[in-house]
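Structure at a glance
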Amino acid sequence: RKGDVLPIKNNIDQATMGVIIARLKKLEYVPALAHALNVRFSLLKYFGGEERDMGASLETAYLELKEKVINRRNTVNCQNALEFHLAVGQLIRYFFRLSEAQSVNYDELWRSIMGAKNIEDIKKEYRRLFQRYAYKININNPRFNNMITVASSYKPQQDEPVNLDALLYGFAADNIILFKEKGEN
């Protein structure tokens, strides 16, 4: 009804995630996923208020992860679940880029991630992908080493649910491992 936001407010989270997952199955370009996530985060913020401003919290966590992976030479550890999910999304995007298949569908890499029930399932999947593409990864790549350390060092306090928003954001954001500074080849 006009002026009554309660029916859509209660279902906006499920509806927008359903659209994202359906969009992912037919995704041709990663920027299309980023645009869909932007719409999702905007709707969640609009209907949920500032406490549901997931886009801002993910952006802050992404910038902290970027700083940690690019600039730190010390031991790199994962601070929280949000950082872990972003790091795994970044790793999956990097593994996707390493694939030499003529036609790779985004759905192929995400099928097992979307079905993961907990953090341990996510860790098993990105380790499987790492084993699959390890022959193409230089052992002296400090950014990849830092990113894999962040993802591997996370120990959940309890049985935590999978944060698909952070995983998808990590996948859709610019890849930190491939990030080039100005003047860098």
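Residues numbered from 1 in each chain as written. Predicted model: local features only at pLDDT ≥ 70, side-chain atom pairs only at ≥ 80, totals over all residues. Heavy atoms only, no water.

**Remarks on the overall build of the protein chain**
Test applied: Counting from the N terminus, the helices are DSSP H or I runs at least four residues long and the strands are E runs at least two residues long. Remark: exposure states derive from per-residue accessible area (1.4 Å probe, protein chains only) relative to the maximum for the residue type, with buried under 20%, exposed over 50%, and partly exposed in between. Residue contacts follow a heavy-atom distance rule, with two residues in contact if any of their heavy atoms lie within 4.5 Å.
Counting its secondary structure elements, the protein chain contains eight helices and zero strands. Residue burial in the protein chain is summarised as follows: out of 185 residues, 43% are buried. Taking the intrachain contacts of the protein chain between residues at least 6 apart in sequence as the baseline, contacts between residues at least 24 apart amount to 81%.

**Quick look at the pattern of salt bridges**
Threshold: The salt bridge criterion pairs a side-chain nitrogen of Lys or Arg with a carboxyl oxygen of Asp or Glu, the two atoms within 4 Å.
Scanning the entire structure with this criterion turns up four salt bridges. As a salt-bridge pair, Arg40 and Asp165 come within 2.6 Å of each other at their nearest N and O atoms. Of the two residues, Arg40 sits in helix H2 (residues 30-48) while Asp165 sits in helix H8 (residues 164-172), which places them 125 residues apart along the sequence. Put simply, Lys68 and Glu83 hold a salt bridge, and the shortest N to O gap is 2.8 Å.

**Concerning the packing of aromatic side chains**
The criterion, for reference: By convention, a stacked pair of Phe, Tyr or Trp rings (six-membered ring in the case of Trp) has centres within 6.5 Å and planes under 30 degrees apart, an edge-to-face pair has planes over 60 apart, and any other such pair is tilted.
Scanning the entire structure with this criterion turns up eleven aromatic pairs. Summarising the aromatic geometry, the rings of Phe95 and Tyr133 are spaced 6.3 Å apart at their centres and angled 15° between planes, so their arrangement reads as stacked. On the criterion of sequence distance, the pair formed by Phe95 in helix H4 (residues 81-98) and Tyr133 in helix H6 (residues 119-133) is long-range, its members being 38 residues apart. We classify Phe95 as buried; its relative accessible area is 0%. Judged by its relative accessible area of 8%, Tyr133 is buried. When the centroid spacing of 5.7 Å and the interplanar angle of 25° are considered together, the rings of Phe130 and Phe144 count as stacked. Separated by 14 residues along the polypeptide, Phe130 in helix H6 and Phe144 in helix H7 (residues 142-153) bring together distant segments of the chain.

**So, helix H1 (residues 6-25)**
How we decide: Each residue after the first adds 1.5 Å to the expected span of a helix. Two axes define the bend at a residue: one fitted to the seven residues ending there, one fitted to the seven starting there, and the bend is the angle between them.
With 20 residues, H1 extends 30 Å between its outermost C-alpha atoms, agreeing within 8% with the 28 Å of an ideal straight helix rising 1.5 Å per residue. Along its length, H1 shows its largest kink, about 55°, at Ile12. Restricting attention to buried positions, one finds in H1 the residues Ile12, Thr16, Met17, Ile20 and Leu24.

**As for the packing of H1 against H8**
Where we set the bar: Only C-alpha atoms enter the line fits that serve as axes; for helices the fit covers just the stretch in contact. Angles between N-to-C directions range over 0 to 180 degrees. In this scheme, roughly parallel covers angles under 35 degrees and roughly antiparallel covers those over 145, while 65 to 115 is roughly perpendicular and the rest are oblique. Should the near helix be turned anticlockwise from the far one by less than a right angle, the crossing is termed left-handed; should it be turned clockwise, right-handed.
Where H1 meets H8, the axes come as close as 12 Å, and the angle between the chain directions of the two elements is 40°. As summarised for this structure, H1 and H8 are arranged oblique, according to the angle between their axes. The crossing of H1 and H8 is left-handed. On the side of H1, the interface is formed by Met17, Ile20 and Leu24, while H8 contributes Leu164, Asp165 and Leu168.

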